[in-house]
Every structure is written in C-alpha cells, then in structure tokens.
Amino acid sequence: AQSVAQPEDQVNVAEGNPLTVKCTYSVSGNPYLFWYVQYPNRGLQFLLKYITGDNLVKGSYGFEAEFNKSQTSFHLKKPSALVSDSALYFCAVRPGYSSASKIIFGSGTRLSIRP
Amino acid sequence: SAVISQKPSRDICQRGTSLTIQCQVDSQVTMMFWYRQQPGQSLTLIATANQGSEATYESGFVIDKFPISRPNLTFSTLTVSNMSPEDSSIYLCSVVLGRNTEAFFGQGTRLTVV
C-alpha cells in the first residue's frame, strides 16, 4: 500500500534562513510526487511535482524539492524563507502507472517563519 | 490547468439532515475525487467518481452515507446524509487531467453540523 510520511508536525525558521520540510514515501513502482501548500481558509495550491528526469525540481514561490530514490524521500526546500511562506504544507504521492490511481497525502507540516 | 467551482463554500446544518455539495470543472475530466479534511489536518480520500459508473469508496466510507453522482464529465455531487456533528469538516473536490499532471482542487465546503 502506498503511504506518505511527514515526520515533523511543525517547522520553525527565522526569516532569511533556509528551510526544509521533510517527506518520505512508500509506493509500488515509480512514484509521482507532489507538494501542496494551504493557507488559512484557502484551498490547496500546487507547488511542484516530480514525475521523471532531473531529481531536483523547482516550483512556485522559490521552492524546490529533491527526489532521492535510495532514501525514498522528497524534501521541500527554500534557500531563504519569507514570513509569507508560513502555511500548512502537504506532501503527496501517486503510483505512476495510471492516472486513475489515487493521490495519498501526508499528515501535513505547519511551517512558521518568524520575522 | 483546471478551474473547479465548489458550492456551497460553507454551511451550518442541523443533525439528521442532508447536504449536497456541487463540483463543477471547466474542462472534461475522466475521474473526480472527493476528500474530507478536518481543519489543519490531512486530507482523507472519500471516493473516486467515474462518469457513467458507480463511485469507488475508500475504507470507512459507504455509499449510503456519502452518495455521489457523476452525470457528465464536468460535474459531480457529494451528499452527506443523515448528518451528525462528527461530519463537521471541510469537503474538497479534486480532478486529475492526465497521467503526468498534478491534482487540482476546489476551494472546499466547510460544513458545520449542530
């Protein structure tokens, strides 16, 4: 069965510092991996995805993530955090063999950036 | 990309009643998904809705409680039946356009059962 783990409920970072939000996954076959962000009282916004190719993917708002197959990880990173990055972040995974396969979400990590 | 309109955006309902949530997509999609999310928590998949066939429900969710309609390729409804306070949650509609694309989400329906 496929699963996603976000081991940190909350990550606190000072503005201007680099940030990392961790994600590990378990899925049969090649994974399709995603990061979403959710601001208060808003829907989910797509940040970035890994389907195939370069292990380092770049997304919206200066975020990037690195796919590591041996460690089954897909950590979200940003070189310099902004206060406006404070939100709830979800990692998600889907088996790549079919668009009909469902997307499973991690438990979420609340990112708090202090001025 | 896809633009998803979800109605209502929020509602307060009496226990024992039912609420139907509508999801309209601006393009034709084969599969639509319904999720439930407690505020600040993760998303739990309720069911996958295929056009022209019965929805596929996840463990813990049944058709009698959450009937789904999918009359065409751009529209679906989820009904929360015989509601109790435990059904208070955010309900989200989602679509995937193709194999290599991400999922797109509606803004959600915030349901409070009193």
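Shown above is the structure to which this text applies.
In what follows, the accompanying structure is described.

Concerning the pattern of salt bridges
Right, on to step 1. A complete count under the given rule lists five salt bridges over all chains for this structure.
Right, on to step 2. Between A:Lys58 and A:Glu64 there is a salt bridge; the shortest N-O distance is 2.8 Å.
Right, on to step 3. A:Glu64 gets classed as buried once you look at its relative accessible area, which sits at 19%.
Right, on to step 4. When the shortest N-O distance is used, the salt bridge between B:Glu58 and A:Lys102 registers 2.6 Å. Separated into two different chains, B:Glu58 in the loop between β6 (56-57) and β7 (68-72) and A:Lys102 in the loop between β10 (87-95) and β11 (104-105) make up a pair that spans both.

Observations regarding the sheet that holds strand β3 (residues 19-25) of chain B
Each strand in a sheet pairs with another by means of backbone hydrogen bonds, the pair being arranged parallel or else antiparallel.
All names here are of chain B.
Right, on to step 1. Taken together, four strands build an open sheet; the order of strands is β1-β3-β8-β7 and the sheet is antiparallel. Pairing within the sheet leaves two strands with one partner each, and these edge strands are β1 (4-7) and β7. Between one strand axis and the next, the sheet turns through 15 degrees on average, direction left out of account.
Right, on to step 2. Bridge count between β1 and β3: four bridges; the pairing is antiparallel. What sits directly across from Lys7, in β3, is Gln22.

Thoughts on unusual backbone geometry
Right, on to step 1. Following B:Lys7, the chain continues into B:Pro8 via a peptide bond in cis, with omega recorded as -10 degrees.
Right, on to step 2. Take B:Pro8: it is sitting in the loop between β1 and β2 (10-13).
Right, on to step 3. Of note in the backbone geometry, A:Tyr61 takes a positive phi value of approximately 60 degrees without being a glycine.
Right, on to step 4. Relative to the elements of secondary structure, A:Tyr61 occurs in the loop between β7 (56-58) and β8 (64-68).

Points about the environment of A:Asn68
Residues and elements named next belong to chain A.
Right, on to step 1. Mapping Asn68 onto the fold places it in strand β8.
Right, on to step 2. A sequence separation of 13 residues divides Asn68 from Asn55, and the C-alpha atoms of the two residues are 7.0 Å apart.
Right, on to step 3. Each residue touching Asn68, except ones within four places of it in the same chain, is listed here: Tyr25 and Ser73.

Thresholds, definitions, all that
- Residues numbered from 1 in each chain as written.
- Chains lettered and ligands numbered in written order.
- Predicted model: local features only at pLDDT ≥ 70, side-chain atom pairs only at ≥ 80, totals over all residues.
- Heavy atoms only, no water.
- Salt bridge = Lys/Arg side-chain N within 4 Å of Asp/Glu carboxyl O.
- Buried < 20%, exposed > 50% of the residue type's maximum accessible area, 1.4 Å probe, protein only.
- Helix = DSSP H or I, 4+ residues; strand = E, 2+ residues; numbered from the N terminus.
- Pairing = 2+ DSSP bridges.
- Axes fitted to C-alpha atoms, helices over the stretch in contact; angles between N-to-C directions.
- Contact = heavy atoms within 4.5 Å.

It is worth stressing that arrangement in space is one thing and function is another; only the former is reported here.
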